[in-house]
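Structural overview for review
Here are the chains, one letter per residue:
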Amino acid sequence: MRGMIKKISGALFILVGLLMFYGSYDNWQSNQEFIHSSKGRSLGTVHVERGVETVSFPENSYGVALDGEGRKEGEQVYIYYQRDKPYRISTTPSQYKTKKEIYGAFLSGIFLIGYVIFIQFIAPKIWRKFAQKHHLLKDGN
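Residues numbered from 1 in each chain as written. Predicted model: local features only at pLDDT ≥ 70, side-chain atom pairs only at ≥ 80, totals over all residues. Heavy atoms only, no water.

**Digging into the overall build of the protein**
Heads up, the rule is: Counting from the N terminus, the helices are the DSSP runs of H or I reaching at least four residues and the strands are the DSSP runs of E reaching at least two. Just to be clear, the radius of gyration here is over C-alpha atoms, and the globule rule we use is 2.2 Å times residues to the power 0.38. Classification of residues uses two cut-offs on accessible area relative to the type maximum, computed with a 1.4 Å probe and protein chains only: under 20% is buried, over 50% is exposed, and between them is partly exposed. Contact criterion: two residues are considered in contact whenever any of their non-hydrogen atoms come within 4.5 Å of each other.
Counting its secondary structure elements, the protein contains two helices and five strands. The linear arrangement of helices and strands in the protein, starting from the amino end, is α-β-β-β-β-β-α. Taking 141 residues into account, the globule formula puts the C-alpha radius of gyration at 14 Å, and the protein, at 24 Å, lies well above it. In terms of principal-axis extent, the alpha carbons of the protein reach across some 80 × 35 × 25 Å. Sorting the 141 residues of the protein into buried and exposed places 25% on the buried side. Within the protein, contacts between residues at least 6 apart in sequence are counted, and of these 60% link residues at least 24 apart.

**A few points about the side chain of Arg-88**
Position of Arg-88 among the secondary structure elements: in strand 5 (residues 85-90). Given a relative accessible area of 9%, Arg-88 falls into the buried group. In contact with Arg-88, other than residues within four places in its own chain, are Ser-30, Glu-33, Phe-34, Tyr-80, Tyr-81, Gln-82 and Tyr-96.

**Brief notes about the pattern of salt bridges**
For side chains bearing opposite charge, pairing can occur when the charged atoms are close. Filter applied, for reference: Any Lys or Arg side-chain nitrogen found within 4 Å of a carboxyl oxygen on Asp or Glu counts as a salt bridge.
Per the counting criterion, the structure on display carries two salt bridges. Put simply, Glu-33 and Lys-85 hold a salt bridge, and the shortest N to O gap is 2.8 Å. Here the residue Glu-33 occupies a position in helix 1 (residues 2-35), and Lys-85 occupies one in strand 5, the gap between them amounting to 52 residues. On the basis of relative accessible area, Glu-33 is assigned to the partly exposed category, the value being 32%. Connected via shared salt-bridge partners are Glu-33, Lys-85 and Arg-88.

**Observations regarding the pairing of strand 5**
Let me state the cut-off plainly: Pairing between strands is defined by DSSP: at least two bridges between them are needed.
The sheet contact formed by strand 4 (residues 76-82) and strand 5 spans three bridges and is antiparallel. Of the residues in strand 5, the one forming a bridge with Tyr-81 is Ile-89. Between strand 4 and strand 5, which pair antiparallel one after the other, the connecting turn spans two residues.

**Some words on the pairing of strand 3 (residues 60-65)**
When strand 2 (residues 52-57) meets strand 3, the two strands line up antiparallel, connected through three bridges. Bridge pairing in strand 3 links Phe-57 to Asn-60. Between strand 2 and strand 3, which pair antiparallel one after the other, the connecting turn spans two residues.

**Topic: the sheet that holds strand 1 (residues 39-49)**
Rules: Fitting a line to C-alpha atoms yields each axis, with helices limited to the stretch in contact; the angle taken between N-to-C directions then spans 0 to 180 degrees.
Pairing within the open sheet is antiparallel, and its five strands lie in the order 3-2-1-4-5. Each edge of the open sheet carries a strand with a single partner, namely strand 3 and strand 5. Across the sheet, the mean angle from the axis of one strand to that of its neighbour is 45°, orientation sign disregarded. Across the sheet, helix 1 lies against strand 1, strand 4 and strand 5, angled at about 95° from strand 5, the strand it touches most.

These figures capture arrangement, not role.
Encoded structure:
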């Protein structure tokens, strides 16, 4: 029973790791699309409600969330928006997603998959060698 739980949990960790790779690729793809798209520049007004910063501008009056940069209510900020998708905004024309959003997910995926490989395949071999060297195993194990 314990071995089955270990295998299922390992499979789930690998699945989550693969989903992290997909998330990283999706962030990278969105960033590339933003960089190479037709962009507009607009002056927007920052609104802060319950700690969430949004900016509204003439092309998108509903407001788009800003990353937490500590802006104040009513502050004016120039933003770049993707013309065909005005909900994609940035304060610079050459970046939509931060490197942390792209590489963080990728490195998390590597960690999760590496963790499963280590725990299920490498650690038992290391333990067996250690136990045999120090005579911790009974004969026949």
